[in-house]
Amino acid sequence: MVSIFPSYLAPLREALLGRAISRGLLELTVHDLRAWTHDVHQAVDDSPYGGGPGMVMRPQVWGDALDDVLAGPPARLVVPTPAGRPFTQALAREFSAEERLVFACGRYEGIDQRVLDDAARRVTVDEVSIGDYVLVGGEVAVLAIVEAVVRLLPGVLGNPRSAAEDSFSDGLLEGPAYTRPEVWRGLAVPDVLRSGNHALIDRWRRDRSLERTHRRRPDLLEALPADALDRADRAL
Ligand SMILES: N#Cc1c(-c2ccc3ccn(Cc4cccnc4)c3c2)n[nH]c1N
């Protein structure tokens, strides 16, 4: 990863991801973009051609940084931007199959487009967005993307079923989850979950997932392949 705020990415070395690194399941290197500046002010930005608010990150510094960081084993360059294509669970799975990912964390109004166009001459470049809202820079997006990708790597999650069955893995939202106590503040766990009848439990969970998806994300239902819903689903 390349950023002018390397410490912003320190959380990636905590908890589950930190344990995955110490277990050798992945390697993480964070580079300070300013290491590739040569002026006393370590300038990384300049005024935008054509005018307009804010500053744009200079191509020379980013070009030199990516020349070095992209050297070595083939990598895919991931560039978070509000103008990117949506980062989805499907893209997280695609990224998790890559041997090496390089993340460019922009700031200001973004990175000079020629940096991405130049990189695209030699590697795959993915301009992605984590949602329809505007952040101040790419670091928060990289934290989210890396967490979504790394949890899919074999051995990272304790129970592989978690990644296989979480929200979006079957195109639907996950339904409600419960644990002890059986009644809490007058609210009881649905009886079916304590029935021990796993066929019934699976059906109930599928129904709650379909209901929630229909209510909160009807677009996901529209996007499902024709054969994704069985007769019981459609009866709901
Ligand atoms: N992924 C993602 C993002 C970002 C994002 C990502 C990288 C940068 C680098 C700079 N900014 C600020 C900025 C502000 C306005 C216009 N262009 C850029 C970034 C915002 N915002 N929202 C998302 N979903």
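Further up the page is the structure itself.
Below or above, wherever it landed, is the structure these notes cover. (Residues numbered from 1 in each chain as written. Predicted model: local features only at pLDDT ≥ 70, side-chain atom pairs only at ≥ 80, totals over all residues. Heavy atoms only, no water.)

**Notes on the overall build of the protein**
A tally of helices and strands in the protein yields nine helices and nine strands. Taking 18 Å as the expected radius of gyration for a compact globule of 236 residues, we find that the protein reaches 22 Å, considerably beyond that expectation. Dimensions of the protein, computed from the C-alpha atoms along their principal axes, are close to 70 × 40 × 40 Å. Buried positions account for 38% of the 236 residues belonging to the protein. Excluding contacts between residues fewer than 6 apart, the proportion of contacts in the protein whose partners are at least 24 apart in sequence is 70%. Within the protein, the 35 negative side-chain charges are centred at a point lying 7 Å from the centre of the 28 positive side-chain charges. (Helix = DSSP H or I, 4+ residues; strand = E, 2+ residues; numbered from the N terminus. Rg over C-alpha atoms; globule rule 2.2 N^0.38 Å. Buried < 20%, exposed > 50% of the residue type's maximum accessible area, 1.4 Å probe, protein only. Contact = heavy atoms within 4.5 Å. Lys, Arg positive; Asp, Glu negative; His and termini not counted. Charge placed at Lys NZ, Arg CZ, Asp CG, Glu CD.)

**Some thoughts on the packing of aromatic side chains**
Counting across every chain of the model gives one aromatic pair. If you follow Arg107 out to its NZ or CZ, it ends over the ring of Tyr8, 5.0 Å from the centre. (Phe/Tyr/Trp six-rings, centres within 6.5 Å; stacked < 30°, edge-to-face > 60°. Lys NZ or Arg CZ within 6 Å of the ring centre and 35° of its normal.)

**Concerning the environment of Val140**
Positionally, Val140 belongs in helix H5 (residues 139–150). For the pair formed by Val140 and His214, sequence separation is 74 residues and the distance between their alpha carbons is 29 Å. Dropping the residues within four chain positions of it, Val140 is found in contact with Tyr8 and Leu135.

**Some thoughts on the site of the ligand**
With respect to spatial proximity, 18 residues lie near the ligand, and among them Tyr108, Ser129, Gly131, Tyr133 and Leu135 are the closest. Tyr133 is positioned with one of its backbone polar atoms (N or O) 2.5 Å from a nitrogen atom of the ligand. Bound to the protein, the ligand loses 88% of the 510 Å² it would expose on its own. Elements supplying a minimum of two residues to the shell around the ligand: strand S5 (76–86) and strand S7 (124–129). (Near = heavy atom within 4 Å. Polar contact = N/O pair within 3.5 Å; in protein donor to acceptor, adjacent residues only side chain to side chain. Areas by Shrake-Rupley, 256 points an atom, 1.4 Å probe, with all protein chains shown as cover.)

**Some details on the sheet that holds S5**
One open sheet accounts for three strands, arranged S6-S5-S7; its pairing is parallel. Single-partner strands in this sheet number two, and they are strand S6 (101–103) and S7. When strand polarity is set aside, the average angle formed by the axes of neighbouring strands in this sheet is 45°. Pairing between S5 and S6: three bridges, direction parallel. By the bridge assignment, Val78 is partnered in S6 with Phe103. Its contacts with the sheet put H5 on S5, S6 and S7, and the angle it makes with S6 is roughly 160°. (Pairing = 2+ DSSP bridges. Axes fitted to C-alpha atoms, helices over the stretch in contact; angles between N-to-C directions.)

**Concerning the packing of helix H3 (residues 89–96) against H5**
Close contact between H3 and H5 brings their axes to 8 Å; oriented N to C, the two are set at 70°. For the element pair H3 / H5, the angle class is roughly perpendicular. Only Ile145, Ala148 and Val149 of H5 make contact with H3, whose side of the interface consists of Ala92, Phe95 and Ser96. When grouped by side-chain class, the residues that make up the contact of H3 with H5 number five nonpolar, one polar and no charged. (Parallel < 35°, antiparallel > 145°, perpendicular 65-115°, else oblique. Nonpolar A, V, L, I, M, F, W, Y, C, P; charged D, E, K, R; others polar.)

**A few points about the nonpolar core**
Core analysis: the biggest nonpolar cluster contains 25 residues, and Met1, Leu12, Phe87, Phe95 and Val146 have the highest contact counts within it. Of all the secondary-structure elements, those providing two or more residues to this core are helix H1 (15–22), H3 and H5. Element by element, the count of residues in this core is highest for H5, at seven residues. Sequence-distant contacts of Leu12, defined by excluding residues within four places in its chain, comprise Met1, Leu17, Gly18, Ile21, Leu28, Leu143 and Val146. The next biggest cluster of nonpolar side chains, apart from the first, holds 22 residues, and it includes Val2, Trp62, Ala75 and Leu77. (Core = buried A, V, L, I, M, F, W, Y, C linked by side-chain atoms within 4.5 Å.)

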